[in-house]
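Spelled out, the chains give:
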Amino acid sequence: QIISLDFNHRIVHVSGCCRGSVHDITLLIQSGLLEYTEESVETMADRGYIGEEYVITPKKKSQGRNFREEEKKLHRDISSTRAAIENIDHCLKTYAILGSLYRGAIDDFDEITKIVLVVSALYNINLNKYPIRTSTTQ
């Protein structure tokens, strides 16, 4: 499942759920999010999205070569953003329905998607009271 955030850490899009065997890039394409992405807008993601247009991913350091200062800064920015995303993931899992064993029908992806949508709405409501910590707000 793909969950998209704005710069204020609000959830703005939740894709439909699917089997875990579906590759990240396939899910991104099927989600329709790329239709809303312009050339001037780039998306940060993990290494599962390497090679996708408009997606910034961490690069691996070549053996025997150090990163230049601008590459180090980019990696710090990506890491900082990824840390905020991991915090958001943790916040979503504090809701017992997402953080524990799902006991419904395993192939009822519509039902699972509805659950994630409701939890995402609750997360957005609580965001004002409990903001996500980032490297700039610590």
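Rules used in this analysis
- Residues numbered from 1 in each chain as written.
- Predicted model: local features only at pLDDT ≥ 70, side-chain atom pairs only at ≥ 80, totals over all residues.
- Heavy atoms only, no water.
- Helix = DSSP H or I, 4+ residues; strand = E, 2+ residues; numbered from the N terminus.
- Buried < 20%, exposed > 50% of the residue type's maximum accessible area, 1.4 Å probe, protein only.
- Contact = heavy atoms within 4.5 Å.
- Areas by Shrake-Rupley, 256 points an atom, 1.4 Å probe, with all protein chains shown as cover.
- Pairing = 2+ DSSP bridges.
- Salt bridge = Lys/Arg side-chain N within 4 Å of Asp/Glu carboxyl O.
- Core = buried A, V, L, I, M, F, W, Y, C linked by side-chain atoms within 4.5 Å.
- Axes fitted to C-alpha atoms, helices over the stretch in contact; angles between N-to-C directions.
- Parallel < 35°, antiparallel > 145°, perpendicular 65-115°, else oblique.
- Left-handed = near helix turned anticlockwise from the far one by under 90°.
- Nonpolar A, V, L, I, M, F, W, Y, C, P; charged D, E, K, R; others polar.
- Disulfide = S-S within 2.5 Å.

Participant: Got a sec to walk through the overall build of the protein chain? Specific residues and values, please.
Facilitator: When helices and strands are counted, the protein chain shows four helices and four strands. For the protein chain, the sequential pattern of α-helices and β-strands runs β-β-α-β-β-α-α-α. The 138 residues of the protein chain split such that 28% are buried. Partitioning the intrachain contacts of the protein chain with sequence separation of at least 6 by distance along the chain shows that 46% fall at a separation of at least 24. Accessible area for the protein chain stands at about 10000 Å²; split by element, carbon and sulfur atoms hold 52% of it.

Participant: Please give an account of the pairing of strand 2 (residues 11-14) that cites residues and values.
Facilitator: Where a strand is regular, its side chains alternate between the two sheet faces. Note: strand 1 (residues 3-5) against strand 2, three bridges, orientation antiparallel. In the sheet register, S4 faces strand 2, and the bridge partner there is H13. Here strand 1 hands over to strand 2 after five residues, with H9 in that stretch at a positive phi of 70°.

Participant: Give me the lowdown on the pattern of salt bridges, citing residues and values where you can.
Facilitator: In total, this model carries four salt bridges according to the counting rule given. In this structure, the salt-bridge partner of E70 is R68, at a minimum N-O distance of 3.0 Å. Its salt-bridge partner being K93, residue D89 comes within 3.6 Å of it at the nearest N-O pair. Pair noted here: D89 and K93 are both in helix 2 (residues 69-93), with a separation of four residues, about one helical turn. A relative accessible area of 48% places K93 in the partly exposed class.

Participant: Give a description of the nonpolar core that names residues and reports values.
Facilitator: Residues I11, V14, A84, I88, L92, I115, V116, V119, Y123, L127 and I132 constitute the largest nonpolar core, which totals 11 residues. Mapped by element, the contributors of at least two residues to this core are strand 2, helix 2 and helix 4 (109-126). For V119, the residues in contact, after removing those within four places along its chain, are L92, Y95, I97 and L98. Membership of the second largest hydrophobic core comes to eight residues, among which are L27, L28, L33 and Y49.

Participant: So what's going on with the side chain of S4? Which residues, and what values?
Facilitator: Residue placement: S4 occurs in strand 1. Not counting residues within four places of it along the chain, the set of residues in contact with S4 comprises R10, I11, V12, H13 and L33.

Participant: Outline the packing of helix 2 against helix 4, supporting the account with residue identities and numerical values.
Facilitator: Each pair of packed helices gets described by two things: the angle between the helix axes and the distance between those axes. Contact pair helix 2 / helix 4: the axes reach a minimum separation of 10 Å and the direction vectors enclose 115°. Here helix 2 lies roughly perpendicular to helix 4, going by the angle between them. Viewed along their axes, helix 2 and helix 4 form a crossing whose handedness is right-handed. Contacts from I88, C91 and L92 of helix 2 reach helix 4 at V119, S120 and Y123. In terms of residue class, the contact of helix 2 with helix 4 is made up of five nonpolar, one polar and no charged.

Participant: Account for the state of the cysteines, with residues named and values stated.
Facilitator: Taken as a whole, this structure holds zero disulfides when the rule is applied. C18 takes part in no disulfide bond, and the closest cysteine sulfur, belonging to C17, lies 7.4 Å away. Assessed through its relative accessible area of 26%, C18 is described here as partly exposed.

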